[in-house]
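Spelled out from the first residue to the last, the chains are:
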Amino acid sequence: MGSKKADELMKEESKLDMTPIIDVTFNLLIFFMCTLKFKTLEGKLVSYLPTDRGLSSKQEDVMKEDVEIILKVPKSDWAKPAIERTIEFQRNGSATPFGRCVKVAVDPQDPKKTTIVYDPPNTPDLIKKYMTDVRARSPESKAKINAYARCPHLHVVNILNMMIEAEFTEISYSGIPNTLVKDLQSGEIK
Amino acid sequence: MAKKKGISADTETQLDMTPIIDIVFNLVIFFMVITDMTQQDLEFLALPKAPMAVEDKGEDKERLIINIIDFAHPDNKHRVERGEISTQKPPIFVDGRQVDSLDHMRQWLRLRADPTRYPDMDKPVIDPSTGLRPSKKPVLIRCDQAQVFGWVQAIMQYCTFVPGNKQSDELQKSPMIYKLEIAVGTNKKQGEQ
């Protein structure tokens, strides 16, 4: 009789209550599932800034055969959201633009998907052809992006990509005066 | 008969929890391993696509990352409404925090890019043509495709020398960073060349 009671007591003591550990584990699982962000593959375009004292001191160094693409934003579009602005692509020394970007269609479901509408539609091809022609004539030529501060970053990267495609190794950017930096900080430029 | 019924009810209520616990533990370990806590300084952005970009392996954990967000993005609009970010400050984020001004960002860059802090350098390298001590660290600029390029231009200038400022002041304040990386999106999948 005594040994039966001892057996029952032993059985009761050996039971392990798993409920708290399951609770904690499930909570951990939910936390990790909620905080998980799948790592998206990113790329980078590498460039070197000029190692002189001040960006304006090399302005006159742009030679005739160097490529300089100007990205203009018409004043009438300054009040529009940046991505809706018309961008005019021009080369230094020519009043006739290659063309314009008239629309950037952003997928509302996925902002990473964008379609750029050009007028004329072959504007990127014209820019690319101009770059490759210059590069073929003078392999030592440099490239420069002269973008308005109000120009969306998207178009600058597109031009930069074209320059790399045309095998330019020295690419520089135009600077902005302190007044524009102040306008950026005050919210005048947005 | 009644006794038999009682026995069958007892056996039906027993539930073996071992397999579910095994699965849940495996899932927890899986999520712990793949959650990358080191990428906390990357803001959610719509990066412009560039097919010529080189893959960013992000091996240098100490590299400087500057995020430029777009306040008009729906996610950021909610953050503005909640008071997490301010439209009165620049849309620039470093170490997961919004900077107060470009000068504030410059101080952070100067502190992090100080060439004398490199353990692999016995003494700072001086460029003989300019007499400057450029930093070896690159800065990665992650700018939203819808944001104006002016911010990138301003950052480039604040990495080197701000035109119009006194040169003696600039030598004290400039982070002297000359290597710039612009983050872009790629259409490539992981492992693709």
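Check the entry above for the structure.
Draft legend 1. Broad picture of the pairing of strand S6 (residues 143–147) of chain A. Residues and elements named next belong to chain A. Counting buried residues in S6 gives 4 out of 5 residues, a clear majority hidden from the surface. Sheet analysis places strand S2 (residues 67–72) next to S6, joined by 5 bridges and oriented parallel. Bridge pairing links isoleucine 70 to asparagine 146 in S6. Here S6 pairs with strand S7 (residues 171–173) via 3 bridges, running parallel. Of the residues in S7, the one forming a bridge with lysine 144 is serine 172.

Draft legend 2. Looking closely at the interface of chain B and chain A. At the junction of the two partners, chain B supplies 71 residues and chain A supplies 59 residues. Between chain B and chain A, a total of about 5900 Å² is buried, with carbon and sulfur atoms accounting for 65% of that surface. Taken together, the connections running from chain B to chain A amount to 2 salt bridges. Note that lysine 44 of chain A is salt-bridged to glutamate 181 of chain B, the shortest N-O span being 3.5 Å. Remark: the boundary between chain B and chain A carries 13 residue pairs in polar contact (both at pLDDT 80 or more). Counting residues per element, the ones that place at least two in the side of chain B that touches chain A are helix H2 (18–34), strand S1 (54–55), strand S5 (139–143), helix H5 (150–159), helix H6 (167–173) and strand S6 (179–185) of chain B. When the residues that make up the side of chain B that touches chain A are grouped by side-chain class, the tally is 43 nonpolar, 16 polar and 12 charged. Relative to S1 of chain B, strand S1 (residues 42–48) of chain A runs antiparallel, the two being bridged by 2 bridges. Residue pairing across strands places lysine 44 of chain A opposite valine 54 of chain B, the latter belonging to S1 of chain B.

Draft legend 3. Just the pattern of salt bridges, in detail. All names here are of chain B. Tallied over the entire structure, the rule returns 11 salt bridges over all chains. The partner of arginine 63 in a salt bridge is aspartate 56, with the nearest N and O atoms 2.9 Å apart. The two residues arginine 63 and aspartate 56 agree in class, both being buried.

Draft legend 4. Expanded view of the sheet that holds strand S3 (residues 87–91) of chain A. Residue and element names in this part refer to chain A. Within the open sheet, the 6 strands sit side by side as S5-S4-S3-S2-S6-S7. Their pairing is mixed. In the strand order of this sheet, the two ends are held by strand S5 (114–119) and S7, each with one partner. Neighbour-to-neighbour, the strand axes of the sheet open up by a mean angle of 25°, direction not taken into account. Relative to S5, strand S4 (residues 99–106) is paired through 6 bridges, and the arrangement is antiparallel.

Scoring rules and cut-offs
Residues numbered from 1 in each chain as written. Chains lettered and ligands numbered in written order. Predicted model: local features only at pLDDT ≥ 70, side-chain atom pairs only at ≥ 80, totals over all residues. Heavy atoms only, no water. Buried < 20%, exposed > 50% of the residue type's maximum accessible area, 1.4 Å probe, protein only. Helix = DSSP H or I, 4+ residues; strand = E, 2+ residues; numbered from the N terminus. Pairing = 2+ DSSP bridges. Contact = heavy atoms within 4.5 Å. Buried area = accessible area lost by both parts, 1.4 Å probe. Salt bridge = Lys/Arg side-chain N within 4 Å of Asp/Glu carboxyl O. Polar contact = N/O pair within 3.5 Å; in protein donor to acceptor, adjacent residues only side chain to side chain. Nonpolar A, V, L, I, M, F, W, Y, C, P; charged D, E, K, R; others polar. Axes fitted to C-alpha atoms, helices over the stretch in contact; angles between N-to-C directions.

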